[in-house]
Amino acid sequence: MANMFLCIMFACMFAQYFYINLNVQILNNAVENLPVALVSSCVDLRFDYPFFDQTKLEECVGEYYDYSLKVVHEVSYSYYTRTGEIDLPDENMAMGVDITLTSSFSTFYTYSKTMFYEIVEGLA
């Protein structure tokens, strides 16, 4: 009887490990394979200097993750400018963004991955 209990317990632990491992791989691929063209399409070029259109970026990236991921996730954005290079007239005109994807699979494991995107002069 004890052997059967141990076998069932190990089978449940293996299934939980497989579930977490599979979801981490899916999330990792979605974060690392975020199309750069999607992010670069959200750069506003109407002024003398380019900057990220924050509402468009959050909408595009959110739709991409909602479409490609089936697990519950949270996306957070952190915008910044390189200090000392350009004085931006509006704080919403950011030249860089950190996009963080966070997902919790169980009470014991939370996955979080951040990708950094920055507008660099001279690069297309």
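What this report covers is the structure whose coordinates are included nearby.

What counts, and at which threshold
- Residues numbered from 1 in each chain as written.
- Predicted model: local features only at pLDDT ≥ 70, side-chain atom pairs only at ≥ 80, totals over all residues.
- Heavy atoms only, no water.
- Helix = DSSP H or I, 4+ residues; strand = E, 2+ residues; numbered from the N terminus.
- Expected span 1.5 Å × (residues − 1).
- Contact = heavy atoms within 4.5 Å.
- Phe/Tyr/Trp six-rings, centres within 6.5 Å; stacked < 30°, edge-to-face > 60°.
- Buried < 20%, exposed > 50% of the residue type's maximum accessible area, 1.4 Å probe, protein only.

1. Digging into helix 1 (residues 2–32)
- Here helix 1 spans 45 Å end to end across 31 residues, near enough to the 45 Å set by a 1.5 Å rise per residue.
- In this fold, the buried residues of helix 1 make contact with helix 3 (54–68), strand 4 (96–104) and strand 5 (110–118).

2. Structural notes on the packing of aromatic side chains
- Overall, the coordinates contain two aromatic pairs when judged by the stated rule.
- Between Y64 and Y65, the ring centres sit 5.4 Å apart and the planes meet at 55°, which makes this aromatic pair tilted.
- In this structure Y64 comes out as partly exposed when scored by relative accessible area, which is 22%.
- For Y65, a relative accessible area of 2% puts it in the buried group.
- Their ring planes at 15° and their centres at 6.4 Å tell us that Y77 and Y79 sit as a pair that is stacked.
- A relative accessible area of 21% means that Y77 is categorised as partly exposed.
- Overall, the relative accessible area of 21% leaves Y79 in the partly exposed class.

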